[in-house]
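What follows is the residue order along each chain.
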Amino acid sequence: MTGDASKKTPSRAAAVEGDPRWAAVVARDASADGTFFYSVKTTGVYCRPSCGARPARPENVGFHPTAAAAERAGFRPCLRCKPDQPPLAERQAAQVAALCRLIEQSDEEPSLEELARHAGLSVFHTHRIFKAVTGVTPKAYAAAHRARRVRAALDKNGTVTEAIYAAGYGSGGRFYEEANRVLGMTPTRYRAGGANMDVWFAIGECSLGSILVAATARGVCAILLGDDPEELVHDLERRFPRARLLGGDAGFEQLVAQVVGLVESPRVGVALPLDVRGTAFQQRVWQALRGIPMGATASYAEIASAIGAPGAARAVARACAANALAVAIPCHRVVRNDGELSGYRWGVERKRALLDREASASTREPGTRAEAGASAREASARAEASTSARKASA
């Protein structure tokens, strides 16, 4: 009997090692999770392929198509990888979704400590998984949600004061401190569709067609490209339906010339004052785009990873599409994962032309995708550091 057993052991190990599922177990391949489970007879447990437990000897391993099949075979779920529960990514997404609902339903912004208690996690872990899933911090999410509520409330309520309290602000003073950052204008002007706000604009021509440049007192708020100058004006009117749209003077024409210079001679790299308006997530994406070096490209997935939201490539694409500042915020430098050009708000041919001239104007070889991703991460980090410094000084 002993001799027979010793002969069976090597054949059992060889059979397991020859099974492609064993390679997934050895590699702790998370992409194989859910396709099968493996059990270890010496411990009596079953696991996901990605389990971080100490590797088992192949002769002690068995494979099962489902968790239920493993339990029918007499094995219990591993306490480490919890194979009887949804995958970790799904559990974390559900936890973060619950925290988002808590933020949205709270009259006052919950503290990070309160969110951590609600999730049953440490403060550090709560902050980390929230940012990983949503791409923004809990504080930034709360601020963006309040901004959405303010915009909705300003459209529905009779007075600005009613709108402020309906949006969850504890006082009018607190809201007005944040109003310019949240709305880009006073709440009264926002409610009136930008009434009495001055927006200067001018239309010029460049090698890519017509170009409209618009600016507020804060800086350039729109750079629009197209074939029809009249349609560009209509686009601006839709953005500021009740603002005073004013033709630019001679000084403004110089600003337009600077913008055209960015299009025609990307090596010049003029730093423009910008009035950038968007959600917290869009702002992070746009800041990362400005970190992509001239002559380089990055994929939507790489930008998503750079801002700490690796699963948000589609949201990054939507943020690129919402960008109203062509060239100044270089969404044309974002390409598909395979390097091919994807959609561009102002036309793929314009995107190709911009990339071609940037590549030829660059004084070095076009940057690698890895370099672009690193630069985008650095830009995102600088933006966070700058925000933290402003909050600390306040």
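Provided above is the structure to which this section pertains.
All of these numbers come straight from a predicted model, not from anything done at the bench.

Engineer: Describe the overall build of the protein chain, with residues and values.
Structural biologist: Check the secondary structure of the protein chain and you find 17 helices and 10 strands. Scored against the burial criterion, the 394 residues of the protein chain give a buried share of 44%. Roughly 20,000 Å² of accessible area belongs to the protein chain as shown, and the carbon and sulfur atoms make up 53% of that amount.

Engineer: Describe in detail helix H12 (residues 250-264), supporting the description with residues and values.
Structural biologist: Since the α-helix advances by 3.6 residues per turn, residues separated by three or four positions end up pointing in the same direction. Here H12 spans 21 Å end to end across 15 residues, near enough to the 21 Å set by a 1.5 Å rise per residue. All of the buried residues in H12 are Phe252, Leu255, Val256, Val259, Val260, Leu262 and Val263. Seen from one end, H12 has its buried residues packed into an arc of 150 degrees, which puts them on one side. Away from the buried face of H12 by more than 90 degrees, exposed residues Ala250 and Gln254 are located. On its buried face, H12 sits against strand S5 (198-206), strand S6 (209-215), strand S7 (220-226) and helix H16 (348-361).

Engineer: Lay out the sheet that holds S7 with the relevant residues and their values.
Structural biologist: Read across the open sheet, the 4 strands follow the order S7-S6-S5-S8; overall the sheet is mixed. Pairing within the sheet leaves two strands with one partner each, and these edge strands are S7 and strand S8 (244-247). Ignoring which end each strand starts from, the neighbouring axes of this sheet average 25 degrees apart.

The rules we used
- Residues numbered from 1 in each chain as written.
- Predicted model: local features only at pLDDT ≥ 70, side-chain atom pairs only at ≥ 80, totals over all residues.
- Heavy atoms only, no water.
- Helix = DSSP H or I, 4+ residues; strand = E, 2+ residues; numbered from the N terminus.
- Buried < 20%, exposed > 50% of the residue type's maximum accessible area, 1.4 Å probe, protein only.
- Areas by Shrake-Rupley, 256 points an atom, 1.4 Å probe, with all protein chains shown as cover.
- Expected span 1.5 Å × (residues − 1).
- Arc of directions from axis to C-beta.
- Contact = heavy atoms within 4.5 Å.
- Pairing = 2+ DSSP bridges.
- Axes fitted to C-alpha atoms, helices over the stretch in contact; angles between N-to-C directions.

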